[in-house]
Amino acid sequence: MQKKSYLESEYNFDNMDRNEIEGLKKESENHLVNELLPFWVTRMTDRVNGGYITHFDKNGMDSGEDEKSLIAQTRSVYTLSSAHRAGYGDGKFALLARHGVDFLLNKMWDNAYGGFYWMTDRKGNVKIDQKIIYGHSFAIYSLSEYTLATGDTRGIEYAEKVFDLLQKYCVDSMYGGYWEMFHRDWTLCGPGSQGGDRKTLDVHMHLMEAFTTLYECTGKDVHRRKLLEDIDLLLNRLIHPVYKTGIPQFFKDWTVAPQIKFDIIWGWDRFSEEGQKGNSTDNTCYGHNIEFAWLFIHALKILKIDPREYSELFRIIFDHTVNNGIDFEFGGVFVEGPHSGGVYDREKEFWQQAEALIGLLDAVKMFGDEKYWLAYKNVHRFVLDKMVNKGVGEWWPLTTRSGEPIWTHMSHSWKVNYHTVRSMVQSINRLNDLQSGSV
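Residues numbered from 1 in each chain as written. Predicted model: local features only at pLDDT ≥ 70, side-chain atom pairs only at ≥ 80, totals over all residues. Heavy atoms only, no water.

Caption draft 1: Spotlight on helix α6 (residues 201–218). With 18 residues, α6 should cover 26 Å at 1.5 Å per step; its first-to-last C-alpha distance of 25 Å lies within 8% of that length. Among the 18 residues of α6, 15 are classified as buried, and the element is accordingly described as predominantly covered. Following α6 by one or two positions, G219 has its phi on the positive side, about 70 degrees. (Helix = DSSP H or I, 4+ residues; strand = E, 2+ residues; numbered from the N terminus. Expected span 1.5 Å × (residues − 1). Buried < 20%, exposed > 50% of the residue type's maximum accessible area, 1.4 Å probe, protein only.)

Caption draft 2: Just the nonpolar core, in detail. F116, W373 and W395 are the most contacted members of the largest nonpolar core, which totals 135 residues. Top element by residues in this core is helix α10 (residues 350–367). It accounts for twelve residues. (Core = buried A, V, L, I, M, F, W, Y, C linked by side-chain atoms within 4.5 Å.)

Caption draft 3: Layout of the sheet that holds strand β3 (residues 126–128). Taking strand neighbours across the sheet as the criterion, the three strands line up as β1-β2-β3 in an open arrangement whose pairing is antiparallel. The open sheet has two free edges, formed respectively by β1 (68–69) and β3, since each of these has just one partner strand. Relative to strand β2 (residues 119–120), β1 runs antiparallel, the two being bridged by two bridges. Bridge pairing in β2 places K68 opposite T120. (Pairing = 2+ DSSP bridges.)

Caption draft 4: Structural detail: the side chain of E180. Relative to the helices and strands, E180 resides in the loop between α5 (153–169) and β5 (181–182). One buried charge, E180, has no salt-bridge partner; the nearest side chain with opposite charge is K199, at 8.2 Å. A polar atom in the side chain of E180 sits 2.5 Å from the backbone nitrogen of T200. (Lys, Arg positive; Asp, Glu negative; His and termini not counted. Salt bridge = Lys/Arg side-chain N within 4 Å of Asp/Glu carboxyl O. Polar contact = N/O pair within 3.5 Å; in protein donor to acceptor, adjacent residues only side chain to side chain.)

Caption draft 5: Here's a closer look at the sheet that holds strand β12 (residues 405–407). The three strands are arranged β10-β11-β12 in an open sheet whose pairing can be described as antiparallel. Single-partner strands in this sheet number two, and they are β10 (348–349) and β12. Where strand β11 (residues 398–399) meets β12, two bridges bridge the pair, whose relative direction is antiparallel. Looking at the pairing, L398 lines up with W407 of β12.

Caption draft 6: Representation of α10 within the structure. Taking 1.5 Å per residue, 18 residues should reach 26 Å; α10 reaches 26 Å between its end C-alpha atoms and fits that length. Here α10 lies mainly inside the structure; 18 of its 18 residues are buried. Immediately downstream of α10, the backbone of G368 shows phi near 65 degrees, a positive value.

Caption draft 7: Looking closely at the packing of α10 against helix α12 (residues 418–436). In the contact formed by α10 and α12, the axes pass within 9 Å of each other and the chain directions differ by 15 degrees. Put simply, α10 runs roughly parallel to α12. With respect to the hand of their crossing, α10 and α12 are arranged in left-handed fashion. In this structure, α10 uses F350, W351, A354, E355, L357, I358, L361, D362, V364 and K365 to contact α12, whose residues at the interface are H419, T420, R422, S423, M424, Q426, S427, R430, L431, D433 and L434. For the contact of α10 with α12, the per-class residue count stands at ten nonpolar, five polar and six charged. (Axes fitted to C-alpha atoms, helices over the stretch in contact; angles between N-to-C directions. Parallel < 35°, antiparallel > 145°, perpendicular 65-115°, else oblique. Left-handed = near helix turned anticlockwise from the far one by under 90°. Contact = heavy atoms within 4.5 Å. Nonpolar A, V, L, I, M, F, W, Y, C, P; charged D, E, K, R; others polar.)

Caption draft 8: Fine view of the packing of aromatic side chains. Overall, the coordinates contain 24 aromatic pairs when judged by the stated rule. Between F138 and Y418, the aromatic rings sit 5.0 Å apart at their centres with planes inclined by 85 degrees, giving edge-to-face as the arrangement. With F138 in helix α4 (residues 133–150) and Y418 in helix α12, the pair connects residues that are 280 residues apart, well separated along the chain. Since its relative accessible area comes to 1%, Y418 is described here as buried. When the ring of F182 is compared with that of W186, the centres are 5.7 Å apart and the planes differ by 55 degrees; the resulting orientation is tilted. On the basis of relative accessibility, which here comes to 1%, the residue F182 falls in the buried class. Here a set of aromatic residues connected by ring pairs shows up, and it is made of F292, F296, Y310, F314, F318, F367 and Y372. Above the ring of F367, the side-chain terminus of R315 is found at 4.3 Å from the ring centroid. In this structure, K415 packs its charged tip against the face of F350, placed 5.1 Å from the ring centre. (Phe/Tyr/Trp six-rings, centres within 6.5 Å; stacked < 30°, edge-to-face > 60°. Lys NZ or Arg CZ within 6 Å of the ring centre and 35° of its normal.)

Caption draft 9: Highlighting the pattern of salt bridges. Summed over all chains, the structure comprises 32 salt bridges. Among the ionic pairs, K26 bridges to E22, the shortest N-O distance being 3.8 Å. One end of the pair is K26 and the other is E22, both in helix α1 (residues 18–41) and four residues apart, which spans about a single turn. Using a relative accessible area of 24% as the deciding quantity, one classes E22 as partly exposed. What you see here is one network of salt bridges that share partners, running through R98, D102, D152 and R154.

Caption draft 10: Summary view of the confidence of the model for the protein. Of the residues in the protein, 93% have a pLDDT of 70 or more, and the chain-wide mean is 93. Confidence drops under a pLDDT of 50 for residues 1–11, and excluding neighbours within four residues, the segment shows 26 contacts in the predicted structure. (pLDDT = per-residue confidence, 0-100.)

So, in structure tokens, the structure goes:
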């Protein structure tokens, strides 16, 4: 008997309104092709200094900050490479990606100790020489994607160099996982706000994302093994044993740590003046939870493991997100809440919306449950109606619950193109699957 695809597991997709799917797909394609991608390709290339300009105000004008961060440069390489690989840009995105790789390798790579500096100025002079593993996860991710997209072997050469440095300097051989904050010479930073005594969900989730694309590119057994090792940690250490929700921060032995703000940050998290979140040991992010789910599904596919083997886990994560994280009154995804359910923060950040779009479509594909489809349409509508800065093209970084902008910059070192462009590329792929009834 022919084995059912997980697409067909519980739902007859002939019952779905193909016209509705087509309408949502066309909206996504129009936003991607006529708004998002043009926003970036018309203004991001630094033709004087190399690399990318990544700081834009609410009108899309260069806001002038004299910095180029590892995270913004690598994420931009990923965005351009993945868009080219998905068939957009008629080859020009590959050239723009190469422009960014040139800057990374010529200006941000540390020839003395290996690895990438955390931040330079626009000319490429080093401003912060620390080695931050969050940024290196995106170096592996983007450079692997770049080689997959273009065939330029420099990408995978340096992705493997970074991978090897992580294995040499960052692995905790006693408790497992990776240390995350290092000085230039790869000596571990101090405790507390320096981050040397912490491990985070964020880093280990993005290492899964990075190792997945690295393994896709190389097919090497060592990359497969390290990907599986990281997945095992995520499943058994970094998510709640009952609710399967992500736990933000840990001490070295995987005891839960209060969620504090680090000296070197990679986002604009809204902490108190004391630098520690309220409810810091009972706090989970709805965007991270559903992002983990879809990234794990993708990793399993690259590993050639049937995602249905984890269907119970995925059902728990998707249900928790929909039941607690989706705002069915105003639309969109809440920021965070307690593991057992509920909401602490009812504002709407751009990246949670982006990751929910992809994850909810994976939920529809896997389970065919109408509530996931309704949740997807809810977030899609909120994004296109409220999150997009009309006439400019990128997304507001943070809005009120009802969708009024709070932060108004279009981009800085942490809010760039990776979440927004990826959400549209990946959503369009999944909407195509739903239209055709294929996995």
